[in-house]
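Working through the structure, step by step
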Amino acid sequence: MTEVDLPWEGGCRCGRVRLKISAKPLLTMACHCTGCQKMSSSAYSLSAAIPAEGFEITEGEPVVGGLHGAEAHHYFCGHCMTWMFTRSEGMDWFVNLRPTMLDDPRWFRPFIETWTREKLPFAETGAARSYEALPEMDAYEGLVKEYMACS
């Protein structure tokens, strides 16, 4: 990752919901699952796992959209419907930010890509690590350390 001074600021497409990031990502990702393809209207979705204490909504009130189940909560701007971030049940210590919400996302590079067995044939991310589904839970600690060492 190119060094970018914190805090980072960003917001949805219309600007009604704004956010501030004051902690560097734990890990950056691209997800090729068909659910992310549909929600992002793209070949994959991008995420930066931000420590929860380093994530703040500074303006507006995001709404839950996309999946409404108990496992994941996808947050959108209620006006322009931009998919901004995801919070997962039982993993309250981080927020999966869509990095393109940042005012300057040019530093972003996915370190891992997931659900490659569902990826579209042309979709390439340049990620250092690829997984047919999700990495095993016990692999994340090592992935975070590896990402931090190279970022």
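Residues numbered from 1 in each chain as written. Predicted model: local features only at pLDDT ≥ 70, side-chain atom pairs only at ≥ 80, totals over all residues. Heavy atoms only, no water.

According to UniProt, the comment filed for the protein chain under the heading Sequence similarities (unreviewed entry) is "Belongs to the Gfa family." (UniProt positions renumbered as here; feature names shortened; annotations may be inferred.)

It is worth spelling out the packing of aromatic side chains at this point. Per the counting criterion, the structure on display carries 7 aromatic pairs. Grouped by ring-pair contacts, the aromatic residues W8, W107 and F108 constitute a single cluster. Its guanidinium or amino end placed over the ring of W83, R98 lies 4.1 Å from that ring's centre, counting from NZ or CZ. (Phe/Tyr/Trp six-rings, centres within 6.5 Å; stacked < 30°, edge-to-face > 60°. Lys NZ or Arg CZ within 6 Å of the ring centre and 35° of its normal.)

Quick look at the environment of T100 now. Assignment of secondary structure puts T100 in the loop between strand 9 (94-97) and strand 10 (112-114). Sequence separation between T100 and S151 is 51 residues, and the spatial gap between their C-alpha atoms is 18 Å. (Helix = DSSP H or I, 4+ residues; strand = E, 2+ residues; numbered from the N terminus.)

The next point concerns the UniProt feature "domain: CENP-V/GFA" (unreviewed entry) in the protein chain. Taking the UniProt record as the reference, the feature "domain: CENP-V/GFA" (unreviewed entry) is found at residues 8-116. For residues 8-116, the end-to-end C-alpha separation is 30 Å, with 6% helix and 42% strand making up the annotated structure.

What follows covers the environment of I50. Within the fold, I50 resides in strand 4 (residues 45-51). Judged by its relative accessible area of 0%, I50 falls in the buried class. On a C-alpha basis, the gap between I50 and N96 in space is 6.3 Å, while along the polypeptide they are 46 residues apart. In contact with I50, other than residues within four places in its own chain, are I21, A23, P25, F55, W93, F94, V95 and L97. (Buried < 20%, exposed > 50% of the residue type's maximum accessible area, 1.4 Å probe, protein only. Contact = heavy atoms within 4.5 Å.)

With that out of the way, let us pick up unusual backbone geometry. With an omega of 5°, the peptide bond running from L6 to P7 counts as cis. Structurally, P7 can be placed in the segment before strand 1 (8-11). Positive phi, close to 65°, is recorded for M81, a residue that is not glycine. Its location among the elements puts M81 in the loop between strand 7 (72-76) and strand 8 (83-88). According to the relative accessible area criterion, M81 is partly exposed, its value standing at 47%. With a phi close to 55°, W115 is a non-glycine residue in the positive phi region.

Here we come to the sheet that holds strand 8. Pairing is mixed in the open sheet, where 8 strands are placed in the order 6-7-8-9-4-3-10-11. Two strands bound the open sheet, and with one partner strand each, they are strand 6 (63-65) and strand 11 (129-130). The pairing of strand 8 with strand 9 spans 2 bridges and is antiparallel. When the bridges of strand 9 are listed, F85 appears paired with L97. (Pairing = 2+ DSSP bridges.)

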